[in-house]
Amino acid sequence: MSAIRRVASERVTRLSAKSSPYHTAVTLYDAQDTPGPSTTRRQTRRVKRENVELNDQEGSDDALPAAAKKKKAKVVKTATSETTTETKSRSPKKSKAIPQSLDVPHPAPERWKEAYDAIKEMRSRITAPVDTMGCDQAQWKEQDPKNRRFATLISLMLSSQTKDEVTDAAVAKLRIAIGGSLSVGAVIAAEEATVSEAISKVGFWRRKTQYIKQAAQRLRDDFDSDLPKTVDELCSLPGVGPKMAFLALQVAWNLNLGIGVDVHVHRITNRLGWHQRPTKNPEETRLNLQSWLPKELHGEINHMLVGFGQTVCLPVGPKCDLCTLSSAGLCPSAQSKKLSKRGGRNSASTSRVELDPGPKVEIEV
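Just so it is clear, the model here is predicted, and its values are computed rather than measured. (Residues numbered from 1 in each chain as written. Predicted model: local features only at pLDDT ≥ 70, side-chain atom pairs only at ≥ 80, totals over all residues. Heavy atoms only, no water.)

(A) The arrangement of the overall build of the chain in detail. Along the chain, the regular secondary structure elements total 18 helices and 2 strands. With 365 residues in all, the chain has 35% of them scored as buried. The contacts in the chain between residues at least 6 apart in sequence include a share of 60% that link residues at least 24 apart. Total accessible area on the chain is roughly 23300 Å²; 54% of this is exposed by carbon and sulfur atoms. (Helix = DSSP H or I, 4+ residues; strand = E, 2+ residues; numbered from the N terminus. Buried < 20%, exposed > 50% of the residue type's maximum accessible area, 1.4 Å probe, protein only. Contact = heavy atoms within 4.5 Å. Areas by Shrake-Rupley, 256 points an atom, 1.4 Å probe, with all protein chains shown as cover.)

(B) Structural context of the packing of helix H4 (residues 112–123) against helix H15 (residues 301–311). Two elements in contact, H4 and H15, have axes separated by 10 Å at closest approach and are oriented at 65°. Relative to H15, the element H4 is oriented roughly perpendicular. Helix-helix and strand crossings are classified by hand; for H4 and H15 the assignment is left-handed. Every residue of H15 that contacts H4 at Tyr116, Ile119, Lys120, Met122 and Arg123 is listed here: Ile301, His303, Met304, Leu305, Gly307 and Phe308. (Axes fitted to C-alpha atoms, helices over the stretch in contact; angles between N-to-C directions. Parallel < 35°, antiparallel > 145°, perpendicular 65-115°, else oblique. Left-handed = near helix turned anticlockwise from the far one by under 90°.)

(C) Examining the nonpolar core more closely. Residues Leu158, Leu174, Ile199, Leu219, Leu234 and Leu237 are the most contacted members of the largest nonpolar core, which totals 41 residues. Ranked by size, the runner-up nonpolar core spans 26 residues in total, among them Leu272, Ile301, Cys313 and Leu325. (Core = buried A, V, L, I, M, F, W, Y, C linked by side-chain atoms within 4.5 Å.)

(D) Just helix H13 (residues 263–271), in detail. Counting buried positions over the 9 residues of H13 gives 7, a clear majority of the element. The complete set of buried residues in H13 reads His264, Val265, His266, Arg267, Ile268, Thr269 and Arg271. Of the surrounding secondary structure, the elements contacted by the buried residues of H13 are helix H14 (282–292) and H15. Sitting at the amino-terminal end of H13 is Asp262, which places a side-chain oxygen 3.2 Å from the backbone nitrogen of His264. Directly after H13, the chain includes Gly273, whose backbone phi takes a positive value near 75°. (Polar contact = N/O pair within 3.5 Å; in protein donor to acceptor, adjacent residues only side chain to side chain.)

(E) Layout of the layout of surface pockets. Here the largest pocket is characterised by a volume of approximately 1100 Å³. Every residue lining the largest pocket is counted, 42 residues in all, and those nearest its centre are Ser159, Ser160, Lys243, Leu247 and Asp262. Residue assignment for the lining of the largest pocket shows that the elements contributing at least two residues are helix H5 (129–133), helix H6 (145–159), helix H7 (164–177), helix H10 (205–222), helix H12 (242–252), H13, H14 and H15. When residues in the lining of the largest pocket are grouped by element, the largest group, 6 residues, is from H12. (1 Å grid on protein atoms, 1.4 Å probe; cavity = no way out; pocket = protein on both sides within 12 Å on 5 of 7 lines; lining within 4 Å. Points joined across faces, edges and corners; volume = space filled by probe spheres on them.)

(F) Unusual backbone geometry, seen in detail. Positive phi, close to 55°, is recorded for Asp224, a residue that is not glycine. Within the element layout of this structure, Asp224 appears in the loop between H10 and helix H11 (231–235). Judged by relative accessible area, which is 57%, Asp224 ranks as exposed. Located in the positive-phi region is Ser225, a residue other than glycine, with phi close to 60°. Classification of Ser225 by relative accessible area gives partly exposed; the value is 24%.

(G) Quick peek at H4. Between the first and last C-alpha of H4 there are 16 Å, a value that for 12 residues agrees with the 16 Å anticipated at 1.5 Å per step. Within the sequence span of H4, burial applies to Trp112, Ala115, Tyr116, Ala118, Ile119, Met122 and Arg123. All buried residues of H4 fall inside an arc of 165° around its axis, so they share one side. Turning to H4, the residues buried within the fold contact H5, H14, H15 and helix H16 (324–327). (Expected span 1.5 Å × (residues − 1). Arc of directions from axis to C-beta.)

(H) Expanded view of the environment of Ile199. With respect to the helices, strands and loops of the structure, Ile199 is situated in the loop between helix H9 (192–198) and H10. Given the relative accessible area of 0%, Ile199 is considered buried. In this structure the C-alpha to C-alpha distance between Ile199 and Ala170, which are 29 residues apart in sequence, comes to 5.0 Å. Discounting residues that sit within four places of it in the chain, Ile199 has contacts with Leu158, Ala170, Leu174, Trp205, Lys208, Thr209 and Ile212.

(I) Up close: the side chain of Arg271. Here Arg271 lies in helix H13. Here Arg271 occupies a buried position and makes no salt bridge, while the nearest side chain of opposite charge, Asp321, is found at 11 Å. Separated by 3.0 Å, the side chain of Arg271 and the backbone oxygen of Pro315 make a polar contact. Dropping the residues within four chain positions of it, Arg271 is found in contact with Cys313, Leu314, Pro315, Pro318, Cys331, Pro332 and Ser333. (Lys, Arg positive; Asp, Glu negative; His and termini not counted. Salt bridge = Lys/Arg side-chain N within 4 Å of Asp/Glu carboxyl O.)

(J) The arrangement of the environment of Glu284 in detail. Topologically, Glu284 is positioned in helix H14. Relative accessible area serves as the criterion here: at 27%, Glu284 is assigned to the partly exposed category. One polar contact links the side chain of Glu284 to the main-chain amide nitrogen of Lys280, over a distance of 3.2 Å.

(K) Representation of the environment of Gln250 in the model. For Gln250, the position within the fold is in helix H12. Given the relative accessible area of 15%, Gln250 is considered buried. Those residues in contact with Gln250 that sit more than four places away from it in its chain are Leu255, Asn256, Gly258, His298 and Gly299.

(L) Up close: the packing of H13 against H15. H15 packs onto H13 with a crossing angle of 80° between their chain directions and a minimal axis gap of 8 Å. Judged on the interaxial angle alone, H15 and H13 are roughly perpendicular. For the pair formed by H13 and H15, the contact residues are His264, Val265, Arg267, Ile268 and Thr269 on the first element and Asn302, Leu305, Val306, Phe308, Gly309 and Gln310 on the second.

(M) Spotlight on the packing of aromatic side chains. Counted under the stated rule, the structure contains 3 aromatic pairs. Plain terms: the ring middles of Trp274 and Trp292 are 5.6 Å apart, the flat faces sit at 85° to each other, and that makes the pair edge-to-face. On the criterion of sequence distance, the pair formed by Trp274 in the loop between H13 and H14 and Trp292 in helix H14 is long-range, its members being 18 residues apart. This pair shows no difference in class: Trp274 is buried, exactly as Trp292 is. (Phe/Tyr/Trp six-rings, centres within 6.5 Å; stacked < 30°, edge-to-face > 60°.)

Everything listed here is a matter of geometry and, on its own, says nothing about what the molecule does.
If you want it as structure tokens, here you go:
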């Protein structure tokens, strides 16, 4: 018997009588089809019987016919795939390992050492904001070694797309707001609104508030309320990228494992022509530099170029007249050459001053 006929035969038709609301002498009958009592029970019994058969025959697949083996394999595969999918959805997302080297090393640019030494000599005569308010300064206001390392990480997390002056003030305000010391426990115990109000002057302060709270929780649960000593573990913290990780290891643990590349290092090295093809992001810049720059310079290049970028090689309007690289021919992006080729706003005003002879006067005789 087909499934349609079986379902139809199991239905029961019942007539229910009721008086007509329009005339008392008229009786109305409604026909109602209801499923038979055995439909649900039969389906349940069939499913249970199949499960019992599969359980009884588990471990003795040789005794099963080919059709039963195929059906059992399909059931097991489906259950396994569902379990795997559920496990993947619940398991935390694993962060990718941070690359440490290029497959093909980048060649060292010509005269890079002359340019490096010239910048280092200029920096020795300049006091930049990073020298007095950088991430390495946040640790000195803490007594406990763990708190020093944590304060370094907090300063780095707040410094993203924020000037050092604003970051330093926010770190000091946060320290006071949570009780006078930057510790993992104090940040966890503090209200989110308290942290937000203290760091509200930095860029993206709402998102950084969440990152700081989540990072403190992770440090307490997984790293004994201290900073881990590997780049991958640091980058697994919310809001921490490779630049922060390398700088945190250098400052907090004195571990020179890579170059911390921020926007200043990325911009200046491209202006100097140190990359055969201009790099698109700080990570490309880092891998290129690490492939040819001597390792003993990895720890100092960030601090040197950040201060140089804050005072001389500015993002807009670089002070090439104060830079010795221009006169020595070590910077292919010197202002005079760049503006003469591109015709920038400054070059237009300069040419107007140098070339404009003033009002034209004609005399007729």
